[in-house]
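What follows is the residue order along each chain.
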There are 2 protein chains.
Amino acid sequence: GAVDKGVDYANYFCTYSFLYHQKEMLSDRVRMDAYYNSIFQNKHHFLGKTVLDVGTGSGILAIWSAQAGARKVYAVEATKMTEHARQLVKANGLEDVVEVIEGSMEDITLPEKVDVIISEWMGYFLLRESMFDSVICARDRWLKPTGVMYPSHARIWVAPIRSHLVDQKGHHFEGAMEEWHAFVHDTKNSYGVDMSSLTDPFTEEQRKYYLQTSLWNNLQPEQVIGTAAIIKEIDCLTTSVDDILSIKANFLSSILDDDMKFSGFGGWFDVHFRGRSESPAESEIELTTAPSYENPTHWGQQVFLLNHPIRSSKGDNINVSFVMNRSKENHRLLEVEFECEYKQASGRLLQPFRKKFFIE
Amino acid sequence: GAVDKGVDYANYFCTYSFLYHQKEMLSDRVRMDAYYNSIFQNKHHFLGKTVLDVGTGSGILAIWSAQAGARKVYAVEATKMTEHARQLVKANGLEDVVEVIEGSMEDITLPEKVDVIISEWMGYFLLRESMFDSVICARDRWLKPTGVMYPSHARIWVAPIRSHLVDQKGHHFEGAMEEWHAFVHDTKNSYGVDMSSLTDPFTEEQRKYYLQTSLWNNLQPEQVIGTAAIIKEIDCLTTSVDDILSIKANFLSSILDDDMKFSGFGGWFDVHFRGRSESPAESEIELTTAPSYENPTHWGQQVFLLNHPIRSSKGDNINVSFVMNRSKENHRLLEVEFECEYKQASGRLLQPFRKKFFIE
Ligand SMILES: Nc1ncnc2c1ncn2[C@@H]1O[C@H](CSCC[C@H](N)C(=O)O)[C@@H](O)[C@H]1O
Ligand SMILES: Nc1ncnc2c1ncn2[C@@H]1O[C@H](CSCC[C@H](N)C(=O)O)[C@@H](O)[C@H]1O
């Protein structure tokens, strides 16, 4: 169904209207370096060209594009952040090149087609926020047949991990349930109302919150205990919204170390700036959000925890069926399901299991 | 202007659809005791009567009304919490008396007028959430001319306080600004973009967040350093929406102790259950959210901090003009302004000042 604009604004765009939030993104050095290098090491894509920045925020990518020599940059932004972007463009002497346009990408019109679409559209686990939809819409309407996408490619990764958060979340859930039982007892005693019929729905609500919601986490590289798999590859030039509405993948991951506890899965993404085959990048840039000591990003990783860790050893294999869909209540949120067959190195097969998670 | 229902749901009602949140209210003993006693110590208002519970949530007030002998209770709730309320009503054997109706009070229709309207509509500082509007609407449409309001009266209080939060918030603000200046420096150096033109709007944004937003706080009674003033009295039977849209009050507060630091104002409310003059309560109940060691509530107090505390002594007087309006962006939020003349016991008048706050 169609999305109510006011609700979408309240739930989603609103946070982007704070400079504080834009500053957080502008302070992510890995992110900044990747876009900066992708532009300034590939000036041939910008020199004398027309550029569209989808969701310009503070205007940073539009300003860099102009500094790299673009003839004209259209900088589109849905929130009032446009006022600040305009100010920034002017303070940096680029008002003749960068035109800031307030409106949602889907609604506005440009006076011409563009040579380059640049955008920082990536959400947690790549697709949370569903902002790539707006980039696709912009591409199909405004990119010249010879145009280039910045970034040009994206991939989603999943790997088995160990994490102490399993125990912590379990304890929190149990604590919440203990409190509930005390509450039911007190409410009956003090106020004569029997609340026990709400125990099931309350349990479900708390289970969803503590155990079935994926977590933002900065994983340490050694927490990844098995081979990582690519569950989706996106060519930004050709992918359609239908291609990303529902994502299905089957993969096999092998445990790489002995004496580990398989606690769940970590998920992350990378994007690449390669230009297009007819007009390749001179210098290919990668932006990865994989677990890293030296180059952590504000995206961190998404962590999907099992209810109970599984003792695991080198040579064990996990056969995973993965499905990801948009949440029915909010098209910018995601729901994923992991279906796992765990085969020990010895050949013994554990009881298969499946678990569903919400990316909120 | 009219309120967009979808946006109102996303911003406001949404939180009430979680049992977790309903449980927090149901665990507030001061709140629960007051409503429980108001009903069961005044059974004559309920016995054989028709009752409307505006915003029934879990259904608790409707259930108590039925247990106190009501003939029929209409329990209206805007969120899906109705499903749980229905379950609870049934589990407590009251499904013949309590009818749970899902919808917003403004939209639904009842088959008859009622003898009693009961509702727990109080937000922070009484009026945040603007839910009393819905109670007024219910009263004007559905209360019999002889009907009784539960609660029947409400008052808003303000008093000068001391609080260490003044320094803390000041430090946070300064820390945020230091970080900003480092960020501007780095962005120029590393990425060739001059962000200094955003310093003013960023300062304003952070000032609003750290210094101009009132705080939820559980004040200790001795933090109140001057006489408390009532800035609004509401008779729930007669007050109109116009009466509460904008609230103006002038009051004088006297500092009661020596060697204090006047750091700002604390605000709270109380409500009373007195029935109506033609049909008074047999036992009058008060629910107060004033600072208290023994009887704290989940409402706590709202704290409005000055930028710098003022050294104060017994006998000093503060002459305050107070104004409260609804926020232009969100009719459920409030904006207040304090205009102060501080007169020392010696007769010396300090420089008058005014400060604006957002109740978010
Ligand atoms: N459909 C749409 N139309 C216009 N702006 C959009 C949009 N979807 C998301 N945005 C905006 O896109 C921005 C994404 S955050 C990235 C901001 C900036 N390009 C930077 O790299 O720092 C947000 O400011 C958001 O408000
Ligand atoms: N206009 C309106 N119509 C229907 N329900 C409303 C409403 N405005 C607020 N509410 C509901 O009123 C409740 C207020 S909280 C109080 C819940 C319950 N009566 C108790 O005392 O525990 C919330 O559940 C909210 O969703």
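The structure displayed is predicted, hence computed values, not measured ones.

Undergrad: Got a sec to walk through the relation of the copies chain A and chain B? Specific residues and values, please.
TA: Once chain A is rotated about the relating axis by 180° and shifted along it by 0.0 Å, it coincides with chain B to within an RMSD of 0.0 Å. Both chain copies can therefore be described as sitting about a two-fold axis. Proximity to the rotation axis, assessed at the C-alpha, singles out A:V7 in chain A; its C-alpha lies 2.4 Å from the axis. Counting the interface residues of chain A, we find that 100% of their copies in chain B are interface residues as well, pointing to one common contact surface.

Undergrad: Account for the site of ligand 1, naming residues and giving values.
TA: All names here are of chain A. By nearness alone, 22 residues border ligand 1, and R31, G55, E77, M105 and E106 come closest of all. Here E106 contributes a side-chain N or O atom positioned 3.0 Å from a nitrogen atom of ligand 1. Here ligand 1 has 580 Å² of accessible area as a free molecule, and 99% of this is covered by the chains. Taken together, the elements giving at least two residues each to the shell around ligand 1 come down to helix 2 (19-26) and helix 4 (60-67).

Undergrad: Account for the interface of chain A and chain B, naming residues and giving values.
TA: Facing the 40 residues of chain A at the interface are 40 residues of chain B. Taken together, the two surfaces of chain A and chain B that pack against each other cover about 3,700 Å², and 64% of this comes from carbon and sulfur. On the chain A side of the contact with chain B, A:L19, A:K23 and A:Y191 bury the most area, a combined 19% of that side's loss. Seen at the junction of chain A and chain B, the total is four salt bridges. Residue A:D186 pairs with B:R29 through a salt bridge whose shortest N-O separation is 3.9 Å. Inspection of the chain A/chain B interface yields 18 residue pairs in polar contact (both at pLDDT 80 or more). Elements represented by at least two residues in the side of chain A that touches chain B include exactly helix 1 (5-11), helix 2, helix 3 (29-40), helix 4, helix 5 (81-91), helix 7 (165-191) and helix 8 (199-211) of chain A.

Undergrad: I'd like a description of the sheet that holds strand 4 (residues 114-119) of chain A, backed by residues and values.
TA: What links the strands of a sheet is backbone hydrogen bonding, and the strands pair in either a parallel or an antiparallel sense. All names here are of chain A. Taken in spatial order, the five strands of this open sheet run 3-2-1-4-5, and their pairing is parallel. Whereas interior strands pair on both sides, the edge strands pair on one side only; in this sheet they are strand 3 (98-102) and strand 5 (143-150). Adjacent strand axes in the sheet meet at a mean angle of 20° when their direction is disregarded. In this structure, strand 1 (residues 50-54) lies alongside strand 2 (residues 72-77), joined through five bridges in parallel fashion. Considered in strand 2, the bridge of L52 is made with Y74. Sheet strands touched by helix 6 (residues 132-142): strand 1, strand 4 and strand 5. Its angle to strand 5, the strand with the most contacts, is close to 150°.

Cut-off values and rules
Residues numbered from 1 in each chain as written. Chains lettered and ligands numbered in written order. Predicted model: local features only at pLDDT ≥ 70, side-chain atom pairs only at ≥ 80, totals over all residues. Heavy atoms only, no water. Least-squares fit on C-alpha atoms with pLDDT ≥ 70 in both. Contact = heavy atoms within 4.5 Å. Near = heavy atom within 4 Å. Polar contact = N/O pair within 3.5 Å; in protein donor to acceptor, adjacent residues only side chain to side chain. Areas by Shrake-Rupley, 256 points an atom, 1.4 Å probe, with all protein chains shown as cover. Helix = DSSP H or I, 4+ residues; strand = E, 2+ residues; numbered from the N terminus. Buried area = accessible area lost by both parts, 1.4 Å probe. Salt bridge = Lys/Arg side-chain N within 4 Å of Asp/Glu carboxyl O. Pairing = 2+ DSSP bridges. Axes fitted to C-alpha atoms, helices over the stretch in contact; angles between N-to-C directions.

So yeah, pure geometry; function would need other evidence.
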